[in-house]
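# Overview (structure and organization)
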Amino acid sequence: MSAEHASNMSELPELPSSSTEARKQHAEISERIRSYNEAYHVNDDPLVSDATYDALFNRLIELESHYPTLKKNSPTQEVGAAPAEGFAKVKHARPMLSLGNAFSREDIVDFLARIRRFLNLTAHSPVEVVGEPKIDGLSLSLRYENRQLVTAATRGDGSEGEDVTANVAHIDDIPKTLPDDAPDVVEIRGEVYMARSAFQKLNATQAETGGKTFANPRNAAAGSLRQLDPSISAKRPLRFFAYSFGELSESLAQTQWNFLQKVEGWGFVTNPLTRLLHNADDIMAFYDELATQRPDLDYDIDGIVYKVNDFELQLRLGFVSRSPRWAIAHKFPAEKARTRIKAIDIQVGRTGALTPVARLEPVTVGGVVVSNATLHNRDEIDRLGVWVGDLVVVQRAGDVIPQVVEVILDEDGNHPNDATPYEFPTECPKCGSHAMREEGEAVTRCTGGLICPAQAVERLKHFVSRTAFDIDGLGAKNVEAFFELGWLKSPGDIFRLESDHGDAIRKLEGWGEKSATKLFDGINERRTIGLDKFIYALGIRQIGQATAKLLARHYGSLAEWRSAMVAANEADSEALRELINIDQIGPGVAKDLIEFMAEDHNREVLDDLQGLLTITDVEAPQVSDNPVNGKTVVFTGKLELFSRNEAKVKAESLGAKVAGSVSAKTDYLVAGPGAGSKLKKAEELGVTVLDEQGWLDLIATE
Ligand code: IVH
């Protein structure tokens, strides 16, 4: 800390006596806080003591409590829900994935059966799994190089997270060094969480000091870990359970169970309720046991994770999309509460969907205050028979939007006297266009398209959102404000904001040179973007991140993709067949893509963006040099060492094509016992024939 700053910062200015003065003081302190933040994070050279920082920060909060409009663009809003821009990005050496869900015994039985089928095991062969409580916190990846902690990163989008290394310094459950027997590269993954007792204490202190209180322990943990100021993180009682790993330069164990024991020996904390389980009965008994203990634990759990114990089997089982085949999350039921519906409002989404939202008398559900709940659509309102004024049951599960699940009528089956039936609108409440429901669809949509401001603004919000263009400094609120000013109509306008409205933005209330520059820098940083994010950002109906990635990988470049979507508009065309043949793309998704590209205004948006941006091509996934890369393989006969599905997935991951029939183009025929006509044909054509072991040997040389 520099003495010069310390001496004049320790004294707070006097409380202002007018709103003009308050505004001036707020602006001055905000600027200081921002420069302290930068000094601390970027330069690693704090300018003031924690006490001074806190005093100034609290003054901002105090000023804002008298003049709430000052909150806009205030540093107080940035801390707590820390913006991603404050953190460096970290690319995960191995992606951080998510889990599929199970809700019933049936789902568990299915999960075990799927595993056996994939591994070609008989229905009764034992499959050992480890059951671990599913901690409701946020996942963290800790990278150790030469036995020193070098990076702590949040999950982020799974492939890239935020660098929070400075913020884990004070988490005692996280060892900063590993013992001598640890390999050179080790990534340990687990969950950061806040104990319930600590959460209550924190909220009490925050309330006393006028700080931000948190809705639940998970949010408190996330807000505390993602603090721009590590000295604030340091004061928050965060904890960590280790449960998994990323990159390792040497294997640590052969089973999950032994892995947990090993890392415990290194000083990590693993969950003490973890159990080795052998079958569905074991699993269900453990589930009931934990469900009973759940309310008494000092941390939130939202289910149990089961993981196949044997790592070799895990490797064979691999992944489907973003979740492992070898693990599943068995969720506990959602928590419920009763309250009254004060009103029903309609929200209009980016694709024009009209979603009814119930405004509730606030009620605590599983430790969280809920005042809005979704009613999904018109059918749901009919199914529930819900009226405005009704007493209802609402539930929330994790991060899912709370839902209305039941209406409570009186003994005679009547609604309360003051309740009134709800009429679903036939017009869009935002633009007045006709609202229509297509056959076979559950949603009612505004037909206003581009003239509907709600749709336009929601599309823009989607375009800049974290999972799409991820533009620093251009959040939902700013998008709305610029939209209302008429400066943002179509996505291309974002990239013209500086040239067309730069001066005006610098003069807007709450803006200044600094924040405007930050915004324009954020925008400029995104002038180059990958094709997959670009496609996703367009907000085409049904095109989520995973589908956008598939399309980008398949077509490679924007030009290819565009022309293919135009060509696919012809029934019976090769382009249409090719599109539908992409794994996981069906006729419904194809229709939405084609319709999108068929509209003039959408192609105009694309032309506009193409002129403003560099959209980078996507390279086909890198497969290392191996003897089957690019080859065509056919599997036939009764396979005994692996299932057909496992064989296909493995072959494709190595870059091979798997075909159903033998032709002159076939490179390998893998024949199990009982192979017939395909074997004969392969022999006639001189195709290399392998037995199952021969295939395994071939791909093992990889
Ligand atoms: S394993 C590929 N184990 O649940 C496997 N996850 O839905 C990745 N979580 O992002 C995760 N407790 O934040 C695993 N014992 C546990 C867990 C756990 C909580 C969270 C984690 C993950 C999410 C997946």
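These numbers were taken from a predicted model, which means no experiment stands behind them. (Residues numbered from 1 in each chain as written. Predicted model: local features only at pLDDT ≥ 70, side-chain atom pairs only at ≥ 80, totals over all residues. Heavy atoms only, no water.)

## Examining the side chain of Arg 562
Its place among the elements puts Arg 562 in helix α20 (residues 558-567). Within the structure, the side chain of Arg 562 is placed 2.8 Å from the side chain of Asp 607, a separation counted as a polar contact. Each residue touching Arg 562, except ones within four places of it in the same chain, is listed here: Met 597, Arg 603, Leu 606, Asp 607 and Gln 610. (Helix = DSSP H or I, 4+ residues; strand = E, 2+ residues; numbered from the N terminus. Polar contact = N/O pair within 3.5 Å; in protein donor to acceptor, adjacent residues only side chain to side chain. Contact = heavy atoms within 4.5 Å.)

## Things to note about the confidence of the model for the chain
On average, residues of the chain score 87 in pLDDT, and 92% of them are at 70 or above. Per-element confidence in the chain is highest for helix α9 (residues 256-265), whose mean pLDDT is 98, and lowest for helix α1 (residues 3-9), whose mean pLDDT is 32. Low pLDDT (under 50) marks residues 1-10, which in the prediction has 14 contacts with non-local residues, meaning those over four places away or in another chain. Overall, residues 79-84 carries pLDDT values under 50, and its contacts beyond four positions in sequence, including any with other chains, amount to 15 contacts. (pLDDT = per-residue confidence, 0-100.)

## Points about the pattern of salt bridges
Following the criterion strictly, the structure yields 39 salt bridges and no others. Of the charged contacts, one joins Lys 533 and Asp 157 as a salt bridge, the two residues approaching to 3.6 Å between their closest N and O atoms. Of the two residues, Lys 533 sits in helix α18 (residues 531-537) while Asp 157 sits in the loop between β5 (148-154) and β6 (160-162), which places them 376 residues apart along the sequence. The class of Lys 533 is partly exposed, set by a relative accessible area of 28%. On the basis of relative accessibility, which here comes to 28%, the residue Asp 157 falls in the partly exposed class. Between Glu 513 and Arg 506 there is a salt bridge whose closest N-O contact spans 3.3 Å. A relative accessible area of 24% places Arg 506 in the partly exposed class. In the salt-bridge network here, residues are joined through shared partners; they are Arg 143, Glu 145, Glu 187, Arg 189 and Glu 247. (Salt bridge = Lys/Arg side-chain N within 4 Å of Asp/Glu carboxyl O. Buried < 20%, exposed > 50% of the residue type's maximum accessible area, 1.4 Å probe, protein only.)

## Here we look at the site of the ligand
Lining the immediate environment of the ligand, one finds Leu 97, Leu 99, Glu 132, Pro 133, Lys 134, Ile 135, Ser 139, Glu 191, Tyr 243, Val 305, Lys 307 and Pro 324. Between the ligand and Glu 132 there is a distance of 2.7 Å, counted from a nitrogen atom to a side-chain nitrogen or oxygen. A distance of 3.5 Å is found between an oxygen atom of the ligand and a side-chain nitrogen or oxygen belonging to Ser 139. For the ligand, the accessible surface in isolation is 520 Å², of which the surrounding protein chains cover 88%. Counting only elements with at least two residues in the shell around the ligand, the list comes to β3 (129-135) and β10 (301-308). Sorting elements by how many residues they give to the shell around the ligand places β3 first, with four residues. Looking at the shell around the ligand residue by residue, the class counts come to seven nonpolar, one polar and four charged. (Near = heavy atom within 4 Å. Areas by Shrake-Rupley, 256 points an atom, 1.4 Å probe, with all protein chains shown as cover. Nonpolar A, V, L, I, M, F, W, Y, C, P; charged D, E, K, R; others polar.)

## With respect to the sheet that holds strand β13 (residues 327-331)
In a beta sheet, neighbouring strands are held together by backbone hydrogen bonds and run either parallel or antiparallel to one another. Strand order in the open sheet made by the five strands is β2-β13-β10-β3-β9, with mixed pairing throughout. The two strands at the open ends of the sheet, each matched to only one other strand, are β2 (101-102) and β9 (275-277). Pairing of β10 with β13, which is carried by five bridges, proceeds in the antiparallel orientation. Across the sheet, the residue bridging to Gly 303 is Lys 331, located in β13. Sheet contacts for helix α5 (residues 105-119): β2, β3, β10 and β13; angle to β13, the most-contacted strand, approximately 175°. Along the sheet, α9 makes contact with β3, β9 and β10, crossing β3 at roughly 55°. (Pairing = 2+ DSSP bridges. Axes fitted to C-alpha atoms, helices over the stretch in contact; angles between N-to-C directions.)

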